[in-house]
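Listed here are the chains, written in short residue letters.
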Amino acid sequence: SLLNLARPERSAFERLSLNDTVAEVVRLFEPQVRGQGVRLEPLLEPDLPPIRGHKAKLQQVLLNLLLNAKDAVDTEGRITLQTRSTEDRIVLEVTDDGVGIAEEDLPRIFDPFFTTKSRGKGSGLGLSISYGIVLEHAGEIQVESVPGEYTRFRIVFPVMGRAEALA
């Protein structure tokens, strides 16, 4: 992961269903929150157009966002994963109702080694690596947060072009 951060390389991209990728990650992650009172809510728009991507790397991004969300919510928290499409984009939002991110920390959260977690609880690389992966997919990642209310990460990917989809 450190090498990917320092020297990202183009991976073998393929036609992907973002919904299928999200559903797989939810199945993997759900046992980690089962019994803790954390509700995991996938809200996936049916029939999304495909994207071009590297499945394992996108799963890494989603797992990182879910782990961060799990750390932010208490035992009665909720984490929502929502997909939707626009004219030429696919949007994925991961929202939690946890502690939120302080306004002064927002500009730095994608910086390597920046963390708000206590010593030994986080390396500060997860969001930085996720940022690089999203850029590698010609996407954008944004965050909005209101401390004490919610944090929402929004990832926007281009829809796979018609010629790419037929190839």
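Refer to the structure above for everything that follows.
Analysis parameters
Residues numbered from 1 in each chain as written. Predicted model: local features only at pLDDT ≥ 70, side-chain atom pairs only at ≥ 80, totals over all residues. Heavy atoms only, no water. Pairing = 2+ DSSP bridges. Helix = DSSP H or I, 4+ residues; strand = E, 2+ residues; numbered from the N terminus. Axes fitted to C-alpha atoms, helices over the stretch in contact; angles between N-to-C directions. Contact = heavy atoms within 4.5 Å. Buried < 20%, exposed > 50% of the residue type's maximum accessible area, 1.4 Å probe, protein only. Core = buried A, V, L, I, M, F, W, Y, C linked by side-chain atoms within 4.5 Å. Left-handed = near helix turned anticlockwise from the far one by under 90°. Nonpolar A, V, L, I, M, F, W, Y, C, P; charged D, E, K, R; others polar.

Trainee: Now, about the sheet that holds strand β5 (residues 89-96): what can you tell me, with residues and values included?
Mentor: The strand order across the open sheet built from 5 strands is β2-β4-β5-β7-β6, with neighbouring strands paired in mixed fashion. The open sheet has two edge strands, β2 (39-44) and β6 (140-146), and neither has a second partner. Adjacent strand axes in the sheet meet at a mean angle of 10 degrees when their direction is disregarded. Each of β2, β4 (78-85), β5 and β7 (150-158) is contacted by helix α3 (residues 55-72), which is oriented at about 25 degrees to β5, the strand it contacts most.

Trainee: For unusual backbone geometry, give the residues involved together with the corresponding values.
Mentor: Negative phi is the rule for most residues except glycine; trans is the rule for most peptide bonds. Located in the positive-phi region is D47, a residue other than glycine, with phi close to 60 degrees. Tracing the backbone through its elements, the reader meets D47 in the loop between β2 and β3 (51-53). The backbone of A138 sits at a positive phi, close to 60 degrees, despite the residue not being glycine. By the element assignment, A138 lies in the loop between α4 (126-136) and β6. Taking the relative accessible area as the measure of exposure, A138 reaches 53% and is therefore exposed.

Trainee: An account of the nonpolar core is needed here, citing residue identities and associated values.
Mentor: Ranked by size, the top nonpolar core spans 35 residues in total, and within it L66, I79, L81, F153 and I155 carry the most contacts. When residues of this core are traced back to their parent elements, those giving at least two are α2 (18-33), α3, β4, β5, α4 and β7. Look past the residues within four positions of I155 in its chain and what remains in contact with it is V61, L65, I90, V91, L92, V134, E140 and I141.

Trainee: Provide a residue-level description of the packing of α3 against α4, including the pertinent values.
Mentor: The geometry of α3 relative to α4 is characterised by a closest axis approach of 9 Å and an angle of 145 degrees between their N-to-C directions. Between α3 and α4 lies a crossing of left-handed hand. Packed against α3, whose contacting residues are K57, Q60, V61, N64, L65 and N68, the element α4 presents G126, L127, I129, S130, I133, V134 and E136 at the interface. Its residues placed into classes, the contact of α3 with α4 shows 6 nonpolar, 5 polar and 2 charged.

Trainee: Can you lay out the environment of I133 for me, pointing to particular residues and giving the numbers?
Mentor: Looking at the element boundaries, I133 is found in helix α4. The sequence separation of I133 and G53 amounts to 80 residues, and the corresponding C-alpha distance is 9.8 Å. Filtering out sequence-adjacent residues up to four positions away, I133 remains in contact with K57, Q60 and V61.

Trainee: Could you give an account of the side chain of T83, with specific residues and numbers?
Mentor: Mapped onto the secondary structure, T83 falls in strand β4. The exposure class assigned to T83 is buried, which follows from its relative accessible area of 2%. Discounting chain neighbours no more than four positions away, the residues touching T83 are L18, N19, V22, L43, L44, E45, L48, V91 and L92.

In short, shape yes, function no, at least from these values alone.
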